[in-house]
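Take a look at the letters that make up each chain.
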Amino acid sequence: MAKDVRWTSSETEQKQRNYKIADMELLSIPKKPLYHYTSRDVFWKIMDGESMLARHIMFSNDYHENEIGKNKIADAMQKVANLSLTETNALPFMICFCEDGDLLSQWRGYANEGIALEFDFTKGLYGSGDSFTTDYCYTVTNKEPEGGYLSKLKDGKTEIFMGAVISPYAVVYTDKDESSDESVVSMIDTIKKGSLDSIQQTAISMIPYIKNNKFSEEAEYRLIFDMNQLAAGEYQRLLSEKYVYLDVAGVRKPNIRVKFGNQYKAQYEENITVYYVDDEFDDAIKNLKKRCKAEKIKIELIKKKRKFKLNSKEILISEGKNQERVSIFLHQMLSDKNVKIWCDGHLPIRRIIVGPSKDAELMKKSIEEYIKTKYWARDIEVDISGIPLRT
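I will try to describe carefully the structure that is included in this document. (Residues numbered from 1 in each chain as written. Predicted model: local features only at pLDDT ≥ 70, side-chain atom pairs only at ≥ 80, totals over all residues. Heavy atoms only, no water.)

**What about the pairing of strand β18 (residues 349-354)?**
Within a regular strand, the side chains alternate between the two sheet faces.
Moving on, step 1. For β18, the tally of buried residues reaches five of six residues, placing the bulk of the element in the interior.
Moving on, step 2. Relative to β18, strand β5 (residues 115-119) runs antiparallel, the two sharing five bridges. When the sheet's bridge partners are listed, A116 is paired in β18 with I353.
Moving on, step 3. Inspection of the sheet shows β18 paired to strand β19 (residues 381-384) by four bridges, in the parallel sense. Within the sheet, the bridge partner assigned to I352 lies in β19 and is V382. (Buried < 20%, exposed > 50% of the residue type's maximum accessible area, 1.4 Å probe, protein only. Helix = DSSP H or I, 4+ residues; strand = E, 2+ residues; numbered from the N terminus. Pairing = 2+ DSSP bridges.)

**With respect to the pairing of strand β11 (residues 220-226)**
Moving on, step 1. Taken across its seven residues, β11 has seven buried, putting it largely inside the fold.
Moving on, step 2. Here β11 shows no split at all, with E220, R222, I224 and D226 on one side and Y221, L223 and F225 on the other all buried.
Moving on, step 3. Two elements, strand β4 (residues 92-98) and β11, share seven bridges in a ladder whose sense is antiparallel. Considered in β11, the bridge of F97 is made with Y221.
Moving on, step 4. Sheet analysis places strand β8 (residues 169-170) next to β11, joined by two bridges and oriented antiparallel. Looking at the pairing, A170 lines up with Y221 of β11.

**A closer look at the pattern of salt bridges**
Side chains that differ in sign of charge can pair as their charged atoms come close.
Moving on, step 1. Per the stated rule, a full pass over the model turns up 21 salt bridges.
Moving on, step 2. Ionic pairing is found between K192 and D189, a salt bridge with its closest N-O pair at 2.9 Å.
Moving on, step 3. Note on D189: relative accessible area 37%, which makes it partly exposed.
Moving on, step 4. With a closest N to O distance of 2.6 Å, E220 and R222 form a salt bridge. Neither E220 nor R222 differs from the other in exposure class; each is buried.
Moving on, step 5. Here the salt bridges do not stand alone but share partners, grouping E118, R351 and D383 into one network. (Salt bridge = Lys/Arg side-chain N within 4 Å of Asp/Glu carboxyl O.)

**Quick word on the packing of aromatic side chains**
Moving on, step 1. Inspection of the entire model under this criterion finds 14 aromatic pairs.
Moving on, step 2. Ring centres of F97 and F121 lie 5.2 Å apart, and the angle between their planes is 80 degrees; this geometry places the pair in the edge-to-face category. Note that F97 is positioned in strand β4 and F121 in the loop between β5 and β6 (136-141), a separation of 24 residues in sequence. Pair check on accessibility: F97 and F121 agree, each one buried.
Moving on, step 3. Members of the aromatic cluster, joined through ring pairs, are F97, F119, F121, Y136, Y138, F225 and F260.
Moving on, step 4. When the ring centre of F329 is taken as reference, the NZ or CZ atom of R291 above it lies at 4.0 Å.
Moving on, step 5. Here R350 stacks its cationic end above the ring of W342, 4.0 Å away from the centre of that ring. (Phe/Tyr/Trp six-rings, centres within 6.5 Å; stacked < 30°, edge-to-face > 60°. Lys NZ or Arg CZ within 6 Å of the ring centre and 35° of its normal.)

**Re the environment of N271**
Moving on, step 1. Its location among the elements puts N271 in the loop between α9 (263-268) and β14 (272-276).
Moving on, step 2. Each C-alpha atom of the pair N271 and E300 lies 7.4 Å from the other, and the pair is 29 residues apart in sequence.
Moving on, step 3. Other than its neighbours up to four places away in sequence, N271 contacts K298, S318 and E319. (Contact = heavy atoms within 4.5 Å.)

**Looking at helix α11 (residues 323-333)**
Moving on, step 1. Within α11, burial applies to Q323, V326, S327, F329, L330 and H331.
Moving on, step 2. At its buried positions, α11 is contacted by β14, α10 (282-294), β15 (299-303), β16 (314-317) and β17 (340-343).

**What to know about the state of the cysteines**
Moving on, step 1. A complete count under the given rule lists zero disulfides for this structure.
Moving on, step 2. In this model C98 remains outside any disulfide bridge; the closest cysteine sulfur is found in C96, 9.8 Å from its own.
Moving on, step 3. By relative accessible area, which is 1% here, C98 ends up buried. (Disulfide = S-S within 2.5 Å.)

**Brief notes about the nonpolar core**
Moving on, step 1. By size, the foremost hydrophobic cluster in this structure holds 70 residues, and its most contacted members are M47, F225, V326, L330 and I352.
Moving on, step 2. If one sorts the elements of this core by residue count, helix α12 (residues 360-371) sits on top with five residues.
Moving on, step 3. Other than its neighbours up to four places away in sequence, M47 contacts L347, I349, I352, Y370, I371, K374, W376 and A377.
Moving on, step 4. One finds I21, M77, L85 and Y169 within the second-largest nonpolar core, a separate group that totals 25 residues. (Core = buried A, V, L, I, M, F, W, Y, C linked by side-chain atoms within 4.5 Å.)

**A short note on the packing of helix α5 (residues 182-191) against helix α6 (residues 196-206)**
Moving on, step 1. Between α5 and α6, the least distance of the axes is 10 Å, while the angle of their chain directions is 155 degrees. As judged from the angle between their axes, α5 and α6 are roughly antiparallel. Between α5 and α6 lies a crossing whose hand is right-handed. For the pair formed by α5 and α6, the contact residues are M187, I188 and I191 on the first element and I199, T202, A203 and M206 on the second.
Moving on, step 2. Tallied by class, the residues present in the contact of α5 with α6 amount to six nonpolar, one polar and no charged. (Axes fitted to C-alpha atoms, helices over the stretch in contact; angles between N-to-C directions. Parallel < 35°, antiparallel > 145°, perpendicular 65-115°, else oblique. Left-handed = near helix turned anticlockwise from the far one by under 90°. Nonpolar A, V, L, I, M, F, W, Y, C, P; charged D, E, K, R; others polar.)

Structure representation (C-alpha cells):
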C-alpha cells in the first residue's frame, strides 16, 4: 500500500457511520437491481471514466426537498424526543437510482433517447464476516480519468483522497406540508434512546432521504456523500477543490466526481480473492490457482453457497493490481461456460438499456463493441427498451 496516499477518514470510520442507519434498519437497502437514467453523452463519460457526478442536493430537480426533509425531521424530533434539530453544515451530494429500468416518465424526464444503467448493489465486499453487503467503496476526486489519480498537488504535497464506504438507501416519500409524518416519526422514535449527539447526527444524516410523494412512482434510492464528513473538517482547501461546477441554463451547479472503488487499493493491493459457487468451475479454479502461482500472483479462492447472492453462473474478483490479469485468465479458461465474471472496484453495472429512439439498434451494437475493450465490462448485457418510440 502506498504510504504517501491516504484518505481523510479511514474505511472503518466510514463503515461505522453508515451502519448507524443500516443496523437500525431506518431505511431500506436494495434487494434487487437499481437503475440510473442518463443521456447518451453522459453515459459515455461514465463508462470511459468509470466515474459519476454526484450533485449537491440543494440543486436537485426538486430544490425544495432539502427544506422538506429538515422540516419533517425537526417536527418529528420535537414530537418524539422534545428536542430541537441542531443547525447542520452538512454538504450532501447524491447519485439517484430507481427500481424500474424501463419507466416512461424516467425516459422523458432524465434520458430522452438516452440510456438506463442497471446496477447490482447486492454483492459488495465491505460487509462484516463472511457475507456480502450493499456497501461499496468510492473515491471522491476532481480529476478527469486521463489525468491519473495518484498525482502530486501544485505545492508538492501528495493527494489526499476522500473516501466513502456506503450503501444506497430508499427514500422516504412524504407530503410536502410541514406537519409530522408517521414514517419519519417512526424513524426518530427508533433512535431516541441514544446519546444526544448520536440522535442529532443520525437525524441529520436522514434529511437527504426524504422526498415529496408526488415522485413516488420513481421508487428512488440514493447514494449520499456528505463532503463535511468525508473531509472531517480538516481539509477545507482540498474539499473545495473537489467540486465540479456544471453550467445548467446559467446556473452553476456544484457536483463531486465519484470514482467507484478504492483507487490506491486497485493499484497497490497484492492479494486477489475469487468468489464462486458452482461445482462446474472447480477444475478451472484449480487451474487458475496454478497459473497465478506460476505468474507470482497472490490469490485466494472462496467457494460460497448460493445464499450469498452469487448465482451459479457468476464469479466475483476482488480489486487489486492484478485483477485484470486474473480476469483475462478466467475468461480464457471458461470461454465455453457462459459465465459472467465481475470485478469489484468498478461500476457494478450488469445491464445497459438503450432508450426509445430511431437508432436504438445501432446504439446497441455500438455499446456491445465498446464493452469488449473493457475487461471489467465485457459481460454486461445490452438491451433495448420495450417502450415503443412515439413518432
